[in-house]
Amino acid sequence: MIYVVANWKCNPTNTKEAKKITAGILAAVKSARGTETVICPPFCYLDEVLEAAKKTVKLGAQDCFWEESGAYTGELSAWQLKDVKCQYVIIGHSERRKYFGETNEQTNKKIKAAVSAGLTPILCVGETREERVGGSITQPIEAQIKEGLAGIDVFQTAVIVAYEPVWAIGTGQACSVEEANYVRQFVNNILGDKVAVLYGGSVNADNAVSYLKDAKFNGLLVGGVSLKPDEFSKLLTNVSEKPKNKV
Ligand code: PGA
């Protein structure tokens, strides 16, 4: 089974549009085989997606707070997300790190909270363009993994890692399959094969399959294209298992 995780980020700006995108995605998911599709809308649309989704797709959040409850204005806890039927939560996305200064230590607290609340965390890791140009791709990723997952027994806990090269996110410049495969192997060498590893960063209907077949990722984290139901549907069709021919 492969994961296709739709990260809507801070989009769209109204409920009508959120419902339209959800309906488009659901229509495609019904004929997709062998995939677990997860929609991660902004918090305010979780209910709309849930109501439309029934059991066709899983629900995810784009972030969570590490305390269960209390005087933390503006935060949403992992337990609250679990209560509104989320099953997954993206943690440590590069946009959280860049715009909100999220550290590996904070990411680790969020991962621990998510696991305690019964959510499956999707830990995002990836190098910036500067780190890449400076010749260091695996070093920041190793730190993000080791510090982000400190204290988590990955053999006993459902955890997903998403490799998202920061320079590839939203730029239309997806990482080459060879380089992505190299990093996927690096992640598996640290964490073993039980942890699912996704690729994200300018994934589209045309390049999606090669990350799964050639680079052996267990799924995809899709941003921009997940807001375009037609292209997202093509992507789902391309990556889903083809029916076996009867002999
Ligand atoms: P993108 O975003 O597909 O638009 O590059 C991916 C992500 O940020 O998760």
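Residues numbered from 1 in each chain as written. Predicted model: local features only at pLDDT ≥ 70, side-chain atom pairs only at ≥ 80, totals over all residues. Heavy atoms only, no water.

Colleague: Explain the environment of Glu 147 to me, please; I cannot follow it from the model alone.
Modeller: Inspection of the secondary structure puts Glu 147 in helix α7 (residues 138–148). Owing to a relative accessible area of 43%, Glu 147 belongs among the partly exposed residues under this scheme. In contact with Glu 147, not counting residues within four places along its chain, are Asn 104 and Asn 108. (Helix = DSSP H or I, 4+ residues; strand = E, 2+ residues; numbered from the N terminus. Buried < 20%, exposed > 50% of the residue type's maximum accessible area, 1.4 Å probe, protein only. Contact = heavy atoms within 4.5 Å.)

Colleague: Could you clarify how one ought to interpret unusual backbone geometry in this entry?
Modeller: Among all residues except glycine, the phi angle is most often negative; among peptide bonds, the trans geometry is most common. A cis amide bond links Asn 11 with the next residue in sequence, Pro 12, at an omega value of -10 degrees. Secondary-structure assignment places Pro 12 in the loop between β1 (2–7) and α1 (15–29). Of note, Lys 9 is a non-glycine position whose phi angle comes to about 55 degrees, a positive value. Considering the arrangement of structural elements, one finds Lys 9 in the loop between β1 and α1.

Colleague: Looking at this model, I keep getting lost on the pairing of β1. Mind explaining?
Modeller: Every regular strand shows the same layout, with side chains that alternate between the two sheet faces. Most of β1 sits inside the fold, with 6 of its 6 residues counted as buried. Sheet topology note: the β1/strand β2 (residues 35–40) ladder contains 6 bridges and is parallel. The residue of β2 that forms the bridge with Val 5 is Val 38. Taken together, β1, α1 and β2 constitute a β-α-β crossover, and its handedness is right-handed. (Pairing = 2+ DSSP bridges. Right-handed = clockwise from strand over helix to strand, strands pointing away.)

Colleague: Honestly, the pairing of β2 in this entry has me stumped. Any pointers?
Modeller: For β2, a buried count of 6 out of 6 residues is recorded, marking the element as mostly surrounded by other parts of the structure. Neither face of β2 is open: one carries Thr 35, Thr 37 and Ile 39, the other Glu 36, Val 38 and Cys 40, and all of them are buried. Bridge count for β2 against strand β3 (residues 58–61) is 2 bridges, and the pairing is parallel. Of the residues in β3, the one forming a bridge with Ile 39 is Leu 59. Running through helix α2 (residues 46–53), the crossover from β2 to the neighbouring parallel element β3 is right-handed.

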